[in-house]
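Structural characterization, general
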Amino acid sequence: MDVRGGEVTIPAGQVDLSADLSVPTDTSGAVLFAHGSGSSRHSPRNVSVAHRLTSDGLGTVLVDLLTPAEDEVDAVTAELRFDIGLLADRLVATLDWLAVERPFGAVPIGLFGASTGAAAALIAAARRPDVVRAVVSRGGRPDLAGAALGEVRATTLLLVGGLDEQVITLNEQARDRMTAPTDLRVVPGATHLFAEPGTLEQVADAAAGWFGDHLHPRVRARS
C-alpha cells in the first residue's frame with residue numbers, strides 16, 4: 001500500500017502546532033491522535049498504533065498539542081499537560097483544519113486518546129459531534145472530561161490494562177455516565193503504559209477493529 005504524507009503546521013488560535021500525516025492510497029477514514037501527559041506526537045506507543053491503522057487503510061494525524069515553548073514550561077511545572085480544556089481546544093482546532101484542508105478527502109474521522117489525551121478527545125468529540133464518528137481511549141482518564149461525557153455521540157471504546165486497577169474504576173464510572181454506545185475492555189496483564197510484551201499489539205488490534213467497524217463499515221462489509 002502506498003502511503004504519502006509528512007509534517008504539516010496546523011493553526012490553533014494564537015499558536016501553530018506541528019503534526020505528522022500519513023495518507024494511504026484510497027483512504028477510507030482518518031484518526032487524529034491525542035497524546036497523554038508529558039508525551040508528544042513522537043510517542044512510540046501512539047506511533048506503533050498509527051502504523052497499524054495505516055496498514056488497514058486509515059489515515060493518521062499525530063499532532064503536538066503543545067508548542068516547543070509550552071513543552072519547556074510543562075517539563076518544569078507539569079501544569080499544561082493536565083490543562084484538559086487547552087488540549088481539547090487544540091484538538092478541535094485540528095479537527096476544523098482537517099475539515100477545511102481535507103488532506104484525506106471527505107472521510108469519517110475518529111479520535112484516539114491516551115491518558116489525559118483521552119479526556120481531551122472526548123471533549124472534542126462532544127464539541128464536534130457531526131465530525132467525530134468514533135473514539136478509542138488507551139489507558140485513558142475519561143473521567144477528566146467531566147460533563148462532556150454525557151454529550152459525546154461518537155461510539156467509544158475504552159481500553160484499560162488489567163493491572164491498572166484505579167484507572168479501571170475511573171473508566172467504569174465514566175462509561176456509566178456516557179449515553180453514546182460505549183465498550184470497556186480490559187487487557188489482561190497490562191499496566192498503565194501497556195509496556196508488557198504483546199499488550200500494545202492487543203491495543204492496536206482492538207483500535208483497528210473499532211475504527212474499521214465505525215469509520216468505514218461499508219468497506220468492511222464488501223471484504
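**Structural notes on the overall build of the protein chain**
Looking only at helices and strands, one finds seven helices and eight strands in the protein chain. Relative to the 2.2 N^0.38 estimate, which gives 17 Å for 223 residues, the radius of gyration of the protein chain is 16 Å and therefore close to what a compact globule would have. Dimensions of the protein chain, computed from the C-alpha atoms along their principal axes, are close to 40 × 40 × 35 Å. Within the span of the protein chain, comprising 223 residues, buried residues form 53% of the whole. Of the contacts formed within the protein chain by residues at least 6 apart in sequence, a portion of 68% connects residues at least 24 apart. Surface exposure of the protein chain reaches about 9,700 Å², of which carbon and sulfur atoms provide 49%. Taken as two groups, the 19 positive and 28 negative side-chain charges of the protein chain have centres that lie 7 Å from each other.

**Quick look at the pairing of strand β3 (residues 29-34)**
For β3, a buried count of six out of six residues is recorded, marking the element as mostly surrounded by other parts of the structure. Of the two faces of β3, the one carrying Gly29, Val31 and Phe33 and the one carrying Ala30, Leu32 and Ala34 are both buried. Note that β3 and strand β4 (residues 58-63) share five bridges and pair parallel. Bridge pairing in β4 places leucine 32 opposite valine 61.

**Some thoughts on the nonpolar core**
If you look at the biggest cluster of nonpolar residues, it comprises 47 residues, and the most contacted ones within it are Leu91, Phe104, Leu111 and Val152. For this core, the secondary-structure elements that each account for two or more residues are β1 (3-12), β2 (15-24), β3, β4, α3 (84-101), β5 (109-114), α4 (116-127) and β6 (132-138). It is α3 that contributes the most residues to this core, 10 residues altogether. Setting aside residues no more than four positions away along its own chain, leucine 91 makes contact with Leu32, Phe33, Ala34, Leu65, Ala120, Ala121 and Ala124. Phe33, Leu53, Ala207 and Trp210 belong to the second largest nonpolar core, which has 24 residues in total.

**With respect to helix α1 (residues 44-55)**
Between the first and last C-alpha of α1 there are 17 Å, a value that for 12 residues agrees with the 16 Å anticipated at 1.5 Å per step. Taken together, the buried positions of α1 are occupied by Asn46, Val49, Ala50, Leu53 and Thr54. Along the axis of α1, the buried positions cluster into a sector of 140°, meaning they face one direction only. Turned more than 90 degrees from where α1 packs its buried face, Pro44 and His51 sit exposed. Looking one or two residues past α1, glycine 57 carries a phi angle of roughly 90°, positive in sign.

**Looking at the packing of aromatic side chains**
This model, assessed by the stated rule, comprises one aromatic pair. Their ring planes at 35° and their centres at 5.0 Å tell us that phenylalanine 33 and phenylalanine 112 sit as a pair that is tilted. In this pair, phenylalanine 33 sits in strand β3 while phenylalanine 112 sits in strand β5, placing the two residues 79 residues apart along the sequence. The two residues phenylalanine 33 and phenylalanine 112 agree in class, both being buried.

Calculation notes
- Residues numbered from 1 in each chain as written.
- Predicted model: local features only at pLDDT ≥ 70, side-chain atom pairs only at ≥ 80, totals over all residues.
- Heavy atoms only, no water.
- Helix = DSSP H or I, 4+ residues; strand = E, 2+ residues; numbered from the N terminus.
- Rg over C-alpha atoms; globule rule 2.2 N^0.38 Å.
- Buried < 20%, exposed > 50% of the residue type's maximum accessible area, 1.4 Å probe, protein only.
- Contact = heavy atoms within 4.5 Å.
- Areas by Shrake-Rupley, 256 points an atom, 1.4 Å probe, with all protein chains shown as cover.
- Lys, Arg positive; Asp, Glu negative; His and termini not counted.
- Charge placed at Lys NZ, Arg CZ, Asp CG, Glu CD.
- Pairing = 2+ DSSP bridges.
- Core = buried A, V, L, I, M, F, W, Y, C linked by side-chain atoms within 4.5 Å.
- Expected span 1.5 Å × (residues − 1).
- Arc of directions from axis to C-beta.
- Phe/Tyr/Trp six-rings, centres within 6.5 Å; stacked < 30°, edge-to-face > 60°.

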